Amino acid sequence: MVISNKPLKFILAALVACSPVMSFANSENDSTHVQTETAHEEKVISHNVPVEGEHEALDPKAKVDAFIDHHLQDSHDFVFFSDEKENKHYGFPLPVILIDGGLKIFSSSKLHHGEEVAEVDGNFYKLVHGKIYKTDAAGTITFNEHGHPENEKPLDFSITKNVVSMLFVAVLLFIMFTGLAKSYKKGPIPTGFGRVLEPLIIFIRDEIAIPNIGEKKYRKYMGYLLTVFFFVWVLNLLGMTPLGINVTGNIAITVCLAAFTFIITQFSANKDYWGHIFWMPGVPVPMKIILAPIEILGTLTKPFALLIRLYANITAGHVVIMSLIAMIFVGKNLAADLPISLGLTLFISVIEVLVAFLQAFIFTMLSSLFIGMAVQDHDHAHHHEDETAII
């Protein structure tokens, strides 16, 4: 499965070096998520809860906090940068798909980044904090004392920026692996970009799948392990580009990935696996009763560890890089802050490229380990003999 005969040319080093600078430089002109504290009769908003559509600038620190928060969130449109003075956003809208008394499909340009009210089939919608709420023709949004909107939310199945990114990576991986598969028909040695993919595939097979699942059963799960490894890795790398994509830093995505591992593990499990969970062999009956709920809880904590590890590491990397770049804008000595900020950012960005691979590797490794624990056969008699010999 490989990219045809034309090798891909990734210029990751340059993108990593310039991405935070471009993003924060543009944030100085981005008014979409940078607003001031307001107090109306119908709403109460705290100063650190930005609302789309209001254009009074906050202080630099609050502006940086709002931009970082905006960067970490998903979006209903792809915005490359914005011009605050002219109130223009440069990018492209995405389809909004709502279920609200029927199917509502329209372009996110109607919402204009939360600055306008979209009317669809007699209903009115407004974008607030990245979420779509029902409102009236005037765009009234009521907030509670914590600054959270209380308006009704329709079911949102929109094609957001994260969805577009995942579809792009899925198509890219399909092209890559299909090309690699076709190249093997021509000979045992792949051509083009397949020469880069083959060592990685062999590495996953020999160092992850076979040791954890076993040589007899690993082949059945190689498709999933390869998919999740390259999917997470490429998405992590996309997050290092100036496009502002933060897919694996979205906990909803990591929950879904961990859920796939959990489902595959549970449906692949043999009777030995369930026997160890509900009635641990080789221990007294009272201990079996005590261990059963602990083991059941363990089946849930494993995928939880998967999703939190990936989400927390990727999110932390983005926050650190953005915060370092923020030194340029909140510091009072540009001559001193600029070289320090750029130097530290470049250093952390290089580490993040390693973390992008490492997190994909760890997620795949732990997934294979959990699957291996569920499918392996236990020879209790042989195991008991070994324990007796050791004693």
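All figures in this text were calculated on a predicted structure; none of them were measured in a lab.

Assigned secondary structure in the protein chain consists of 10 helices and 10 strands. Residues counted as buried form 44% of the 391 residues belonging to the protein chain. Of the accessible surface of the protein chain, which amounts to about 20600 Å², a share of 66% is contributed by carbon and sulfur atoms.

Right, let's talk about the UniProt feature "transmembrane region" (unreviewed entry) in the protein chain for a bit. Sequence positions flagged by UniProt for "transmembrane region" (unreviewed entry) are, in local numbering, residues 163-181, 221-239, 245-265, 277-298, 310-330 and 342-363. Across residues 310-330, the secondary structure splits into 100% helix and 0% strand, with the terminal C-alpha atoms separated by 30 Å.

Right, let's talk about the sheet that holds strand S5 (residues 95-99) for a bit. On the basis of which strands lie adjacent, the open sheet formed by three strands has the order S6-S5-S10 and antiparallel pairing. Of all strands in the sheet, those bounded by a partner on one side alone are strand S6 (103-107) and strand S10 (155-156). Sheet topology note: the S5/S10 ladder contains two bridges and is antiparallel. When the bridges of S10 are listed, Leu98 appears paired with Asp156.

Below, the discussion takes up the sheet that holds strand S7 (residues 118-120). Taken in spatial order, the three strands of this open sheet run S7-S8-S9, and their pairing is antiparallel. One side of each edge strand has no neighbouring strand; the edge strands of this open sheet are S7 and strand S9 (131-135). Direction aside, neighbouring strands of the sheet carry axes that sit 35 degrees apart on average. Bridge analysis of strand S8 (residues 123-128) against S9 gives five bridges, and the strand direction is antiparallel. From the neighbouring strand, Val128 faces S9, where its bridge partner is Lys131.

Below, the discussion takes up the pattern of salt bridges. Tallied over the full model, the rule gives three salt bridges. Of the charged contacts, one joins Arg205 and Asp206 as a salt bridge, the two residues approaching to 2.8 Å between their closest N and O atoms.

So, about the packing of helix H6 (residues 251-268) against helix H9 (residues 334-375). Where H6 contacts H9, the two axes come as close as 8 Å, and the packing angle between them is 20 degrees. As the angle between them shows, H6 and H9 are arranged roughly parallel. For the pair H6 and H9, the sense of crossing is right-handed. The segment H6 lies against H9, with Leu257, Ala258, Thr261, Ile264, Thr265 and Ser268 engaging Phe363, Ser367, Phe370, Ile371, Ala374 and Val375.

What follows covers the confidence of the model for the protein chain. Averaged over every residue, the pLDDT of the protein chain is 77; the share at 70 or more is 79%. Element-level pLDDT for the protein chain is lowest in helix H1 (residues 12-27), with a mean of 35, against a maximum mean of 94 in helix H5 (residues 222-238). The low-confidence segment residues 380-391 (pLDDT under 50) makes three contacts with residues lying over four places distant or belonging to another chain.

Counting through the fold element by element, Asn144 comes out in the loop between S9 and S10. Asn144 gets classed as buried once you look at its relative accessible area, which sits at 16%.

Bringing the nonpolar core into the picture now. Within the largest apolar cluster, 46 residues are counted, with the highest numbers of intra-cluster contacts made by Leu173, Ile201, Phe230 and Leu257. Looking at this core, the elements that each hand over two or more residues are helix H3 (161-183), helix H4 (194-213), H5, H6, helix H8 (285-330) and H9. Ranked by residue count, the leading element in this core is H5, at 12 residues. Once residues lying within four places of it in the same chain are set aside, the contact partners of Leu257 are Tyr224, Val228, Phe231, Val232, Leu310 and Phe363. Membership of the second largest hydrophobic core comes to nine residues, among which are Val96, Leu98, Phe106 and Tyr125.

Turning next to H6. End to end, H6 covers 26 Å across 18 residues, agreeing with the expected 26 Å (1.5 Å per residue, within 8%). Restricting attention to buried positions, one finds in H6 the residues Ile253, Thr254, Leu257, Ala258, Thr261, Thr265, Gln266 and Ser268. Residues of H6 that are buried make contact with H3, H5, helix H7 (271-278), H8 and H9. The distance from a side-chain oxygen at the start of H6 to the backbone nitrogen of Ala252 is 3.0 Å, and the residue carrying that oxygen is Asn250.

On to the side chain of Gln359. Within the secondary structure layout, Gln359 lies in helix H9. Sequence-distant contacts of Gln359, that is, excluding residues within four places in its chain, are made with Asn236, Arg309, Leu310, Asn313 and Ile314.

Once that is clear, we can look at the pairing of S8. Among the six residues in S8, five count as buried, and that is most of the element. Pairing between S7 and S8: three bridges, direction antiparallel. By the bridge assignment for S8, Ala118 is matched with Tyr125. Counting the residues between successive antiparallel strands, the hairpin from S7 to S8 contains two residues, one of them, Asp121, with a positive phi of roughly 50 degrees. Counting the residues in the hairpin turn of S8 and S9 gives two residues, including His129, whose phi is positive at 55 degrees.

Cut-offs used in this document
In every chain, residue numbers begin from 1 and rise along the written sequence. Predicted model: local features are reported for residues with pLDDT of at least 70 only, side-chain atom pairs are reported and counted for 80 or more only, and whole-chain, interface and lining totals are derived from all residues. Hydrogens are left out, water is left out, and the side-chain values use all remaining heavy atoms of the structure. Where helices and strands are cited, they refer to DSSP runs of H or I of at least four residues and of E of at least two residues respectively, numbered from the N terminus. Only protein chains enter the accessibility calculation, which uses a 1.4 Å probe; a residue is then buried when its area is under 20% of its type maximum, exposed when over 50%, and partly exposed in between. Each accessible area value is a Shrake-Rupley result obtained with a 1.4 Å probe; residue values ignore everything except the protein chains displayed when judging cover. UniProt positions are given in the numbering used here, feature names are shortened, and annotations may be inferred rather than shown by experiment. DSSP bridges decide pairing: two strands pair if at least two such bridges lie between them. What counts as an axis is a line fitted to C-alpha atoms, over the stretch in contact for a helix, and the angles between N-to-C directions run from 0 to 180 degrees. What makes a salt bridge here is a side-chain nitrogen of Lys or Arg within 4 Å of a carboxyl oxygen of Asp or Glu, nothing more. By definition in this entry, angles of less than 35 degrees are roughly parallel, angles greater than 145 are roughly antiparallel, angles of 65 to 115 are roughly perpendicular, and the rest are oblique. Working rule for handedness: look at the near helix, and if it is turned counterclockwise from the far one by less than a right angle, call the crossing left-handed; if clockwise, right-handed. Residues count as neighbours in contact if any of their non-hydrogen atoms are within 4.5 Å of one another. Each residue carries a pLDDT score, the predictor's own confidence in it, on a scale running from 0 to 100. Nonpolar cores are built from buried Ala, Val, Leu, Ile, Met, Phe, Trp, Tyr and Cys residues. Side-chain atoms within 4.5 Å join them into one set. Here the expected span of a helix is defined as 1.5 Å times the quantity of residues minus one. N or O atoms closer than or at 3.5 Å make up a polar contact, with two conditions inside protein: a donor-capable atom paired with an acceptor-capable one, and, for residues adjacent in sequence, both atoms drawn from side chains.

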